[in-house]
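Working through the structure, step by step
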Amino acid sequence: MVRVRDATVDDVAAINRLYNALVDTTTVAWTEAHEDVATRGEWLDHQGRDGNPVLVAEDDDAAVIGFASYDDFRDSVKWPGYRFIVEHTVHVDGRCHGQGVGRALMEELRRRAVAAGKHSMIGAVDADNDGSIRFHQRLGFTEVARVPQAGFKFGRWLDLVLLQRFVGDAP
């Protein structure tokens, strides 16, 4: 059984652990630097000030096994035409893949986007991450772009796939 709820400051260390677990061995995050708990706490605070949800998924033992959030797709203050589009992130403990955790987080995140008057959600995924691309497609996302050699990690160029799902009728 998975429970999805709003993240609190008490979840920062667990969120940070889930994120950092991916940095050294995957191209999920296009960085080679781990985040520290203080920086993750500042991110949580910033998300709250901006009205962007940060959700966590808990297992039966109340352990955080995943998190999801969204933010502006592009700088909607500078370019207000983008204010109805968000880019999301979702991370699930590798031991819990295929158990509905990511789906539960994404469905609640979608509900929050609709309630906030958003029109679409964008996922930016490494082109070699077939699992994430299929996951998004199962949730109704459609591939809308591929950007060759958009990033660099592990000594090689990475292609970016953008997946989009319309979620509301904003404005």
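Residues numbered from 1 in each chain as written. Predicted model: local features only at pLDDT ≥ 70, side-chain atom pairs only at ≥ 80, totals over all residues. Heavy atoms only, no water.

**Some points on the overall build of the protein chain**
For clarity, the threshold we go by: We count a stretch as a helix when DSSP gives it H or I for four or more residues in a row; a strand needs E for two or more, and each element gets its number in order from the N terminus. Note on method: radius of gyration uses C-alpha positions; expected globular size equals 2.2 Å times residues raised to 0.38. Only protein chains enter the accessibility calculation, which uses a 1.4 Å probe. A residue is then buried if its area is under 20% of the maximum for its type, exposed if over 50%, and partly exposed in between. In this analysis, two residues are considered to be in contact whenever any of their non-hydrogen atoms come within 4.5 Å of each other. Each accessible area is a Shrake-Rupley estimate made with a 1.4 Å probe; only the visible protein chains count as cover when residues are assessed. Neither His nor the chain termini are counted; the positive set is Lys and Arg, and the negative set is Asp and Glu. Charge positions are represented by NZ for Lys, CZ for Arg, CG for Asp and CD for Glu.
A tally of helices and strands in the protein chain yields four helices and seven strands. Across the protein chain, helices and strands are ordered from the amino to the carboxyl terminus as β-α-α-β-β-β-α-β-α-β-β. The C-alpha radius of gyration computed for the protein chain amounts to 16 Å, which stays within 12% of the reference 16 Å derived for 171 residues, consistent with globular compactness. Taken over 171 residues, the protein chain has a buried fraction of 42%. Sequence-distant contacts, at least 24 apart, represent 62% of the contacts inside the protein chain between residues at least 6 apart. When the accessible surface of the protein chain is split by element, carbon and sulfur atoms take 51% of a total near 9,300 Å². On the protein chain, the mean spot of the 20 positive side-chain charges and the mean spot of the 27 negative ones are 5 Å from each other.

**A short note on helix 1 (residues 12-23)**
Just so we agree on the cut-off: A helix is expected to span 1.5 Å for every residue after the first.
Taking 1.5 Å of rise per residue, twelve residues should cover 16 Å, and helix 1 covers 17 Å from first to last C-alpha, within 8% of that figure. Where burial is concerned, most of helix 1 is hidden: nine out of the twelve residues are buried. All buried positions along helix 1 are accounted for by Val12, Ala14, Ile15, Asn16, Leu18, Tyr19, Asn20, Leu22 and Val23. Where helix 1 is buried, its residues contact helix 2 (37-49), strand 2 (54-58), strand 3 (64-72), strand 4 (85-92) and strand 6 (142-153).

**Concerning the environment of Arg110**
What counts, and what does not: Throughout this description, a polar contact denotes any pair of N or O atoms lying within 3.5 Å of each other; where both atoms belong to protein, one of them has to be capable of donating a hydrogen while the other can accept it, and for residues adjacent in sequence the pair is counted only when both atoms sit in side chains.
Along the polypeptide, Arg110 turns up in helix 3 (residues 101-115). Residues Arg110 and Met121 lie eleven residues apart in sequence; the distance between their C-alpha atoms is 7.9 Å. Setting aside residues no more than four positions away along its own chain, Arg110 makes contact with Met121, Arg165 and Val167. Engagement of the side chain of Arg110 in a polar contact is seen with the side chain of Glu107, the distance being 3.1 Å.

**Here we look at the environment of Tyr70**
Relative to the assigned elements, Tyr70 resides in strand 3. Since its relative accessible area comes to 2%, Tyr70 is described here as buried. Those residues in contact with Tyr70, other than ones at most four positions away along the chain, are Gln47, Asn52, Pro53, Val86, Glu87, His88, Leu109, Arg112, Ala113, Ala116 and Lys118.

**A few points about the packing of helix 1 against helix 2**
The condition is simple: With axes taken as lines fitted to C-alpha atoms, and helix axes fitted only over the stretch in contact, angles between N-to-C directions fall between 0 and 180 degrees. Here the angle decides the label: under 35 degrees means roughly parallel, over 145 means roughly antiparallel, 65 to 115 means roughly perpendicular, and every other value means oblique. Residues are sorted three ways: Asp, Glu, Lys and Arg are charged, Ala, Val, Leu, Ile, Met, Phe, Trp, Tyr, Cys and Pro are nonpolar, and all the rest, Gly among them, are polar.
In the contact formed by helix 1 and helix 2, the axes pass within 9 Å of each other and the chain directions differ by 110°. In this view, helix 1 runs roughly perpendicular relative to helix 2, as classed from their interaxial angle. In contact with Val12, Ala13, Ile15, Asn16 and Tyr19 of helix 1, helix 2 contributes Val37, Arg40, Gly41, Trp43 and Leu44. In terms of residue class, the contact of helix 1 with helix 2 is made up of seven nonpolar, two polar and one charged.

**Remarks on the pattern of salt bridges**
Threshold: The term salt bridge refers to a side-chain nitrogen of Lys or Arg lying within 4 Å of a carboxyl oxygen of Asp or Glu.
The tally for this structure, following the rule as stated, stands at 14 salt bridges. Among the ionic pairs, Asp45 bridges to Arg49, the shortest N-O distance being 2.3 Å. Of this pair, Asp45 and Arg49 both sit in helix 2, four residues apart, which is roughly one turn of the helix. A residue is classified by how much of its surface remains accessible, and Arg49, at 57% relative accessible area, is exposed. A salt bridge links Glu143 to Arg146; its shortest N-O distance comes to 2.7 Å. Through salt bridges that share partners, Arg3, Arg5, Asp11 and Glu58 make up one connected network.

**Notes on the packing of aromatic side chains**
Aromatic ring pairs: the centre-centre distance and the angle between the two ring planes describe each pair. Our working rule: Two rings from Phe, Tyr or Trp (for Trp, the six-membered ring) form a pair when their centres sit within 6.5 Å of each other. Planes less than 30 degrees apart are called stacked, planes more than 60 degrees apart edge-to-face, and all others tilted. Only lysine NZ and arginine CZ atoms are considered, and such an atom sits over a ring when it is within 6 Å of the ring centre and within 35 degrees of the ring normal.
This model, assessed by the stated rule, comprises three aromatic pairs. Centre to centre, the rings of Trp43 and Phe67 are 6.3 Å apart; their planes meet at 75°, and the pair counts as edge-to-face. With Trp43 in helix 2 and Phe67 in strand 3, this pair connects stretches of sequence that are 24 residues apart. Of the residues examined, Trp43 reaches a relative accessible area of 22% and is grouped as partly exposed. On the accessibility criterion, Phe67 (1% relative accessible area) is buried. Summarising the aromatic geometry, the rings of Phe152 and Trp157 are spaced 5.1 Å apart at their centres and angled 70° between planes, so their arrangement reads as edge-to-face. Over the ring of Tyr19 we find Arg40; its NZ or CZ atom is 4.8 Å from the centre of that ring. Sitting above the plane of the Trp43 ring, Arg40 keeps its charged end 4.6 Å from the centroid.

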